[in-house]
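Chain and residue survey
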Amino acid sequence: MRNTTDTEAPEDPALEQRLAQRLAALRAAAGWSLDELATRSGISRATLSRLERAETSPTASLLNRLCAAHGLTMSRLLADVESAPARHLPAAQQPLWQDEASGFTRRMLAPPLAGFATELIEGRLKPGARIAYEHPPLPGLEQHLWLIAGRLNLHLGETVHELRAGDSLSFKLWGPSAFEVPGAAEARYLIAITNPR
């Protein structure tokens, strides 16, 4: 039976479940135990545990305290779990950017969208091309790259990953990086980028 003490009846059970999962994910991302979050938020460990298992619904007051502990506004937290409409983006409408000087073409297959944390990009680099970045736009930026064709050397700090068609690489960007094409063929890849929260 659901515990309704200090809670409000949920209007959308699916939303309540997503909210519970988001709260658990936020705590895990912060590296906090339930006890530590209880200390930071002033909410009992037992209540936090029930919230994360969707066994109880949080009041506005409880959500406000959790948002303060995580450094989020309530609107940002709720936007992360609200059901967003699907976005269909025909190929002709996908933003395409080309840098002729470096030989780089970037197609935004799934550009940034409110309520979503991940972007999907198709990259193409001409033979011999090299693009270097001194630092990531956001520290800890999560990326998953799949090389579709060609060869690609991906430099992450002092480490070089030599990729061939079909290889994948998952990483988080904390420092300098560089993409270079060592072969005589174009490198084509998909990369999913997830912004840290």
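Anyway, here's the lowdown on the structure attached to this text. Since we're looking at a predicted model, the values are computed, not measured.

Across its full length, the protein chain holds five helices and 10 strands. Scaling as 2.2 N^0.38, a compact globule of 197 residues should have a C-alpha radius of gyration of about 16 Å, whereas the protein chain reaches 21 Å, well beyond that. Expressed along its principal axes, the backbone C-alpha trace of the protein chain runs to roughly 65 × 40 × 25 Å. In the protein chain, which comprises 197 residues, the share counted as buried stands at 37%. Restricting to contacts in the protein chain with at least 6 residues of sequence separation, those with at least 24 account for 62%. Carbon together with sulfur atoms contributes 54% to the accessible area of the protein chain, which is approximately 11400 Å² in total. Averaging the locations of the 21 positively and 22 negatively charged side chains of the protein chain gives two centres separated by 2 Å.

This brings us to the nonpolar core. Grouped together as the largest cluster of nonpolar side chains are 22 residues, with contacts concentrated most on L125, L145, L152 and Y189. The element contributing the most residues to this core is strand β10 (residues 187-194), with four residues. Not counting the four nearest positions on each side in its chain, L152 is found in contact with L125, L145, L147, H161, E162, L163, F179, E180, V181, P182 and Y189. In terms of nonpolar packing, the next biggest core, distinct from the first, is built from 17 residues, L19, L37, I43 and L63 among them.

Let's shift gears to the packing of aromatic side chains. In this structure the tally under the stated criterion is three aromatic pairs. Ring centres 6.1 Å apart and planes at 75° place the aromatic pair W97 and F104 in the edge-to-face group. With centroids separated by 5.8 Å and ring planes inclined at 25°, the aromatic side chains of F179 and Y189 adopt a geometry described as stacked. Of this pair, F179 sits in strand β9 (residues 177-180) while Y189 sits in strand β10; the two residues are 10 residues apart in sequence, bridging distant segments of the chain. Here F179 matches Y189 in class, with each residue buried. The rings of Y133, F179 and Y189 are connected pair by pair, giving a single aromatic cluster.

Let us now look at the pattern of salt bridges. Counted by the stated rule, this structure contains 10 salt bridges. For E36, the salt bridge identified is with R40, shortest N-O distance 3.1 Å. One end of the pair, E36, and the other, R40, are both in helix α2 (residues 34-41), four residues apart, so they sit about a helical turn from each other. E36 sits in the partly exposed class, given a relative accessible area of 30%.

Moving on, we get to the sheet that holds strand β2 (residues 104-110). Ordered by their spatial adjacency, six strands build an open sheet running β1-β2-β3-β10-β5-β8, and the pairing between neighbours is antiparallel. If you trace the sheet from one side to the other, it starts and ends with β1 (96-99) and β8 (168-173), each paired once. Here the strands of the sheet are splayed against their neighbours by 20° on average, with no regard to which way each runs. As defined by bridge partners, strand β3 (residues 118-125) adjoins β10 across eight bridges and the pair is classed as antiparallel.

Rules and cut-offs
- Residues numbered from 1 in each chain as written.
- Predicted model: local features only at pLDDT ≥ 70, side-chain atom pairs only at ≥ 80, totals over all residues.
- Heavy atoms only, no water.
- Helix = DSSP H or I, 4+ residues; strand = E, 2+ residues; numbered from the N terminus.
- Rg over C-alpha atoms; globule rule 2.2 N^0.38 Å.
- Buried < 20%, exposed > 50% of the residue type's maximum accessible area, 1.4 Å probe, protein only.
- Contact = heavy atoms within 4.5 Å.
- Areas by Shrake-Rupley, 256 points an atom, 1.4 Å probe, with all protein chains shown as cover.
- Lys, Arg positive; Asp, Glu negative; His and termini not counted.
- Charge placed at Lys NZ, Arg CZ, Asp CG, Glu CD.
- Core = buried A, V, L, I, M, F, W, Y, C linked by side-chain atoms within 4.5 Å.
- Phe/Tyr/Trp six-rings, centres within 6.5 Å; stacked < 30°, edge-to-face > 60°.
- Salt bridge = Lys/Arg side-chain N within 4 Å of Asp/Glu carboxyl O.
- Pairing = 2+ DSSP bridges.
- Axes fitted to C-alpha atoms, helices over the stretch in contact; angles between N-to-C directions.

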